[in-house]
Structures are given as C-alpha cells and as structure tokens.
Amino acid sequence: MMSQTRRLLSLSTALVVASSTLAFAEPSAELIEAAKKEGMLTTVALPHDWCGYGDVIAAFKAKYPEIQVNELNPDAGSADEIEAIKANKDNKGPQSPDVIDVGLAFGPQAKSEGLLQPYKVSTWDEIPDNVKDAEGYWYGDYYGVMSFFVNKDIVTNSPKDWADLLKPEYSGQVALAGDPRASNQAILGVLAAGLGKGAKAGKEAGEAGLAYFAEMNKAGNFVPVIGKSGTLAQGSTPIVVAWDYNALSWAKTLNGNPPTEVVVPESGVLAGVYVQGISAYAPHPNAAKLWMEHLYSDDGQLGWLKGYCHPVRFNAMVKAGKVPQELIDALPPAAAYEKAYFPTLQEVDDNKAAVTGAWDSVVGANVQ
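Residues numbered from 1 in each chain as written. Predicted model: local features only at pLDDT ≥ 70, side-chain atom pairs only at ≥ 80, totals over all residues. Heavy atoms only, no water.

### Section: the overall build of the protein
Piece 1. Helix and strand counts for the protein come out as 14 helices and ten strands.
Piece 2. Its C-alpha atoms give the protein a radius of gyration of 20 Å, within 12% of the compact-globule value 21 Å for 368 residues.
Piece 3. Each principal axis of the C-alpha atoms in the protein carries an extent, and together these give about 60 × 50 × 40 Å.
Piece 4. For the protein, with 368 residues in total, the buried portion stands at 59%.
Piece 5. Restricting to contacts in the protein with at least 6 residues of sequence separation, those with at least 24 account for 77%.
Piece 6. When the accessible surface of the protein is summed, it comes to about 14,000 Å², and 51% of that surface belongs to carbon and sulfur atoms. (Helix = DSSP H or I, 4+ residues; strand = E, 2+ residues; numbered from the N terminus. Rg over C-alpha atoms; globule rule 2.2 N^0.38 Å. Buried < 20%, exposed > 50% of the residue type's maximum accessible area, 1.4 Å probe, protein only. Contact = heavy atoms within 4.5 Å. Areas by Shrake-Rupley, 256 points an atom, 1.4 Å probe, with all protein chains shown as cover.)

Shown next, in the form of structure tokens:
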C-alpha cells in the first residue's frame, strides 16, 4: 500500500508543493457573518457528478444553512462561464455568477479581461506556485487525466491508446465530452490526442490533434454529440473521451448497467488542472470567499477526492496523513498516472487558440 501512495505522490512532480505545513485556519467570524448577511451564493457550470460537486455543495449548505446556493447552467463549459460574468456585469440579480471553476487557460484570460477579484484562501501556501496567480486572482483546485470511458456491452475490445480509436471496429462510436470550441475538457481532449501522435504540447499538439479528429471524422468513427453517461448508456456514444474523474463517477452512477471500463491511454497521458476565481462583479463577494475557504479546507479537498479528482493540496495532505487509504485505492492504479504530462500555461493557451480557431475549418463536425 505504501508504494502506491509513494507513486501517487511522485505522479505530480510537476506540481511542486510550496509548503508541507498544513494550514488549519478557519474562516473568520467576520467573513461568516458578512456571507450570511448576503444570504446567497451563485455558482455556474457545476454538475453534481463532476468531481463530487454534489456532496461538496451539500456540505457547504449544511455548514451554512443561512446561505442559499443558486446553481446556474450545470452543463456549461468554461467559455460560457466567462461569458456569464461579462453578460451580467451590471446585473446584481440571480443570473450573475459569484464564482467560476474553469480550465487553466481561462483563469489568466479572465484576469486580463478584468473579470476577477483577488482572494487568497487560508491554505494558500499549499497550492503549488505553478498553478496559481501570484496575486490571488485565480488558483488551481484539482486535476485529472484524459481517459476513454467505454460501454462494454457494445465495445468488446476496449481501445488501449489513441491510435486504436481510428480503427474501423470503432465506427460511429467515439465522442468528446464537450464542444471543442468552448469546453475546456474537449479542447484538452484534442491536445491529448496530439500528444498521442508524438507532437509537442502547445500549438503543435493542438494542430496534430485537429488532424487526428479530422481523420476520425472522415473515417466515420467520430460522433458529433457531447458525450456523457446517458449517451454512453444509450449507445449513441459508446466511447467517450473524458477526464478520468468524470468517467469514474459516471461508471459509479451506472453501476454496471451497462458494464463499463475506464482506460487511461498508453501514450498522450494528459493531466488537466482546473482553477477557481471570484467574479469582479460578484453580487455576493463574501459568500464567494467563504465558498473558497470551504473548497480549500481539508473537508473540501477530500470531497473532490471522493469524486475521483486529485485535489490541488493532495501531496501535502498525503504527507500529513490526512488522506484515507480507501480514497487512494478507489483511483485507477497509480502506474497509469506515471506518464502524466502537466502542460504549462503557455502550452495550454497555445493549444486552446489552435483548437478553438480551427476546429470548424479542419474537422468540420458541429458538436452539440
């Protein structure tokens, strides 16, 4: 068991933990009082089966029953979250999000457009420096790796690597878990495919990934439907390219009906970091700060881990003996993560520009 823990610790060598001392600071009484006075928190794009968010939200509600959680558009993508802030700049009503949870590339974009306000949670020192804005405008929350989620009733031989998905046996079977023009998950699915072809992360992998999906589309293997547990179970998308934590959560929900498999590919193992931020126009800024304190507390981080995500404080918490072994055991074998590549922010940005800019012209599949 210890060796598995050790391997899990080594998998994220790219995420250098800034401090090994665990922070126990509770949110201040003043912040709690101010948040209760506001009485509401508006979130956006948080499906309950993503990263264990259902339980994480429920725990916040139980802790602060005076604060109503107003959940907007659970199935939105990262680009939609940015747009929701922009569209509601002058609107303090229930359509204006207080907080966002977006792909790594979208954090700096939102900061540069003046859409975020800075806030450093009490466990700030344990968020690795390379996945947070030094001034506190955005900060990493969790990560996972790109995987294949497979309906075993329909797919007898599970694909083992990216090249396999182009084989004739997977005709009309492969989908992305989002629209690659707006969804961070899908945009990075294209990057992972490019890495699987041996391309360098960034623009090169983005272009190689586009060529790969163009080939898949031409072969008739690509299904232009947003893949999720329902479409997989129905058989319209028997193979979905999705984050491992989404696939594992969907598998748990489906509970063997149909039987499923989660495959981490042999090459092009891409790790994706998501980030949190508070809207510069948040109608409930104190509730937003309290929400961040909840997410970055030990309980909040373990809540994500229960949803099969590696929380950003994972290494520090394992070191301090705060992670129950059964949560580590519920993840795919640590060896599957050893080849995980953590792209730099620049590489993520360059890939995003390549994919969103040329998906229509290169692949030409209208995913919806």
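So, next bit.
### Looking at the environment of Gly189
Piece 1. Here Gly189 shows up in helix α6 (residues 184–196).
Piece 2. Here the alpha-carbon distance between Gly189 and Val355, two residues 166 residues apart in the chain, equals 10 Å.

### Quick look at the confidence of the model for the protein
Piece 1. Residues with a pLDDT of 70 or more make up 93% of the protein, whose mean pLDDT is 91.
Piece 2. For residues 1–23, every residue scores under 50 in pLDDT, and the model assigns this stretch 56 contacts once sequence neighbours within four places are set aside. (pLDDT = per-residue confidence, 0-100.)

### Here we look at the nonpolar core
Piece 1. Judged by nonpolar contacts, the single largest core of 111 residues is most densely connected at Tyr53, Phe213, Trp291, Met292 and Trp359.
Piece 2. It is α6 that provides the largest number of residues to this core, a total of eight residues.
Piece 3. The residues touching Met292, leaving out its near neighbours within four places in the chain, are Val99, Tyr119, Val121, Tyr139, Gln276, Gly277 and Ile278.
Piece 4. Residues Leu232, Ala242, Ala251 and Leu254 belong to the second largest nonpolar core, which totals nine residues. (Core = buried A, V, L, I, M, F, W, Y, C linked by side-chain atoms within 4.5 Å.)

### Let's talk about the packing of aromatic side chains
Piece 1. In total, this model carries 21 aromatic pairs according to the counting rule given.
Piece 2. Plain terms: the ring middles of Tyr139 and Tyr296 are 5.7 Å apart, the flat faces sit at 75° to each other, and that makes the pair edge-to-face. On the criterion of sequence distance, the pair formed by Tyr139 in strand β5 (residues 139–151) and Tyr296 in the loop between α10 (285–295) and α11 (298–306) is long-range, its members being 157 residues apart. Tyr296 shares its class with Tyr139; the two are buried. (Phe/Tyr/Trp six-rings, centres within 6.5 Å; stacked < 30°, edge-to-face > 60°.)

### Some thoughts on the packing of helix α7 (residues 203–219) against helix α14 (residues 345–363)
Piece 1. Where α7 meets α14, the closest approach of the two axes is 8 Å, and the angle between their N-to-C directions is 25°. Viewed along their axes, α7 and α14 adopt a mutual orientation that is roughly parallel. α7 and α14 meet at a crossing whose hand is right-handed. Here Lys203, Ala205, Gly206, Glu207, Leu210, Ala211, Phe213, Ala214 and Asn217 of α7 come into contact with α14, specifically with Asp350, Asn351, Ala354, Val355, Ala358, Trp359, Val362 and Val363.
Piece 2. Residue classes in the contact of α7 with α14 are distributed as eleven nonpolar, three polar and three charged. (Axes fitted to C-alpha atoms, helices over the stretch in contact; angles between N-to-C directions. Parallel < 35°, antiparallel > 145°, perpendicular 65-115°, else oblique. Left-handed = near helix turned anticlockwise from the far one by under 90°. Nonpolar A, V, L, I, M, F, W, Y, C, P; charged D, E, K, R; others polar.)

### Let's talk about the pairing of strand β2 (residues 68–72)
Piece 1. Sheet topology places strand β1 (residues 40–44) next to β2; five bridges connect them, and they run parallel. Directly across from Thr43, in β2, lies its bridge partner Glu71.
Piece 2. Assessed by its sense of winding, the connection that carries the chain from β1 through helix α3 (residues 53–63) to β2 is right-handed. (Pairing = 2+ DSSP bridges. Right-handed = clockwise from strand over helix to strand, strands pointing away.)

### Description of the state of the cysteines
Piece 1. On inspection of all chains with the given rule, the structure shows one disulfide.
Piece 2. Between the sulfur of Cys51 and that of Cys309 lies a disulfide, 1.9 Å long from S to S. Taking the torsion about the S-S bond as the criterion, the Cys51 to Cys309 disulfide, at about -130°, is left-handed. In this pair, Cys51 sits in the loop between β1 and α3 while Cys309 sits in the loop between α11 and β10 (310–311), placing the two residues 258 residues apart along the sequence. Taken individually, Cys51 and Cys309 each receive the classification buried, so the pair is uniform in this respect. (Disulfide = S-S within 2.5 Å.)

### A look at the pairing of strand β7 (residues 239–243)
Piece 1. Taken across its five residues, β7 has five buried, putting it largely inside the fold.
Piece 2. As judged from the five bridges shared by β5 and β7, these two strands associate in the antiparallel manner. Looking across to β7, one finds that Phe148 is bridged to Val241.
Piece 3. Here strand β6 (residues 174–176) runs beside β7; their pairing, made up of three bridges, is parallel. Residue pairing for β7: Ala175 is matched across the bridge by Val240.

### Here we look at helix α2 (residues 29–38)
Piece 1. Those residues of α2 not exposed but buried are Leu31, Ile32 and Ala35. Down the axis of α2, the smallest arc covering the buried residues is 100°, so these residues share one side. Exposed residues pointing more than 90 degrees away from the buried face of α2 are listed as Ala29, Glu30 and Lys37. (Arc of directions from axis to C-beta.)

### Overview of the environment of Glu33
Piece 1. Tracing the chain through its elements places Glu33 in helix α2.
Piece 2. With a relative accessible area of 44%, Glu33 lands in the partly exposed category.
Piece 3. As for Glu33 and Gly198, which are separated by 165 residues in sequence, their C-alpha atoms are 53 Å apart.

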